[in-house]
Amino acid sequence: MQRAAALAIVAALLLAACKEESPVVLTPEQQKLLASPGIEVNAIIEQVLPEATELLTISEAQVLASGRALTKEEIQLALDVGVMLPEQVRVATRERFPMPRDPRISALAAERGLIFGTPEELGRTQGHGILLKPEVAQSREVLAHELVHVAQYEKARFIEDFLRRYLVELLTVGYTAAPIEQEARALSAKALKEQ
Ligand SMILES: [Zn+2]
């Protein structure tokens, strides 16, 4: 990618991050949906969960085998956002992130307006493995955000459990309002400010 284009994307991302810093308060209807997403959302999740879990499990193993460890400063950042085992984290840079074999999953993500598999997806976390696009490989903001997701995976314990929760949130209230994403934005911003 051209450097100017990459910088424009990073600028847009940072603007979005600033704009979204104030928390999105969920309506009672949205909270109800998170607790019981309904037949349609549940059916979608049952359909995509096995392959998506497999994809992220393989992807995590690849990142753990080939990625770099965190620096001393990054380990502190990880601890600050609640990661329990920061020495297990690995970070790898990829031009493209792995996508599911089943094209229906990508089609569904696009149809639902999710950034999964699009150029806007700059970071992706699976367990202790963090993938970054080259244009954000040096970004502490993106790393801090992804480290919150590592902490969330640790709490969920299994990729499948994290993913089920995440899909419920994305498919009911959307990316910006999803509690998992709100927590990632809030905790990463707080940790960076305090450093
Ligand atoms: Zn996120």
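The following paragraphs examine the structure supplied in this document. (Residues numbered from 1 in each chain as written. Predicted model: local features only at pLDDT ≥ 70, side-chain atom pairs only at ≥ 80, totals over all residues.)

1. Observations concerning the environment of isoleucine 115
You can see isoleucine 115 is positioned in the loop between helix 5 (103-111) and strand 3 (123-126). The exposure class of isoleucine 115 is partly exposed, given the 14 C-beta atoms found within 10 Å. As a C-alpha pair, isoleucine 115 and tyrosine 175 span 60 residues in sequence and 8.6 Å in three-dimensional space. Setting aside anything within four residues of it in sequence, one finds isoleucine 115 in contact with Glu120, Glu121 and Tyr175. (Helix = DSSP H or I, 4+ residues; strand = E, 2+ residues; numbered from the N terminus. Buried ≥ 20, exposed ≤ 12 C-beta atoms within 10 Å, placed from the backbone. Contact = placed C-beta atoms within 7 Å.)

2. Describing the sheet that holds strand 4 (residues 129-132)
In any sheet, the strands associate via hydrogen bonds between backbone groups, in a parallel or an antiparallel arrangement. One open sheet holds the 4 strands; their spatial order is 1-2-4-3, and the pairing between them is mixed. Each of the sheet's edge strands pairs with one partner strand only, and the pair in question is strand 1 (68-69) and strand 3. Sheet topology places strand 2 (residues 90-93) next to strand 4; 4 bridges connect them, and they run parallel. Bridge pairing in strand 4 places alanine 92 opposite leucine 131. Against the sheet, helix 3 (residues 39-66) contacts strand 2, strand 3 and strand 4, and its axis sits at roughly 85° relative to strand 4. Against the sheet, helix 6 (residues 140-156) contacts strand 3 and strand 4, and its axis sits at roughly 20° relative to strand 3. (Pairing = 2+ DSSP bridges. Axes fitted to C-alpha atoms, helices over the stretch in contact; angles between N-to-C directions.)

3. Concerning the nonpolar core
Ranked by size, the top nonpolar core spans 36 residues in total, and within it Ala78, Val81, Leu147 and Val150 carry the most contacts. Mapped by element, the contributors of at least two residues to this core are helix 3, helix 4 (72-80), strand 4, helix 6, helix 7 (159-172) and helix 8 (179-194). With 8 residues, the single largest contributor to this core is helix 6. Sequence-distant contacts of leucine 147, defined by excluding residues within four places in its chain, comprise Leu77, Ala78, Val81 and Val83. (Core = buried A, V, L, I, M, F, W, Y, C linked by C-beta atoms within 7 Å.)

4. Description of the pairing of strand 4
What you see with strand 4 is no split at all: Gly129 and Leu131 on one side and Ile130 and Leu132 on the other are buried throughout. With antiparallel pairing between neighbouring strands as the criterion, strand 3 and strand 4 make up a hairpin whose turn holds 2 residues, including glycine 127 at a positive phi of roughly 60°.

5. Thoughts on unusual backbone geometry
Phi at arginine 157 takes a positive value of approximately 75°, unusual for a residue other than glycine. Turning to its location among the elements, arginine 157 is positioned in the loop between helix 6 and helix 7. Classification of arginine 157 by C-beta neighbours within 10 Å gives exposed; the count is 10.

6. What about helix 6?
With 17 residues, helix 6 ought to run about 24 Å at 1.5 Å a step, and its terminal C-alpha atoms sit 24 Å apart, in line with that. For helix 6, the tally of buried residues reaches 12 of 17 residues, placing the bulk of the element in the interior. Buried within helix 6 are the following residues: Val142, Leu143, Ala144, His145, Glu146, Leu147, Val148, His149, Val150, Ala151, Gln152 and Tyr153. At its buried positions, helix 6 is contacted by helix 4, strand 3, strand 4, helix 7 and helix 8. Arginine 157 sits one or two residues past helix 6 and shows a positive phi near 75°. (Expected span 1.5 Å × (residues − 1).)

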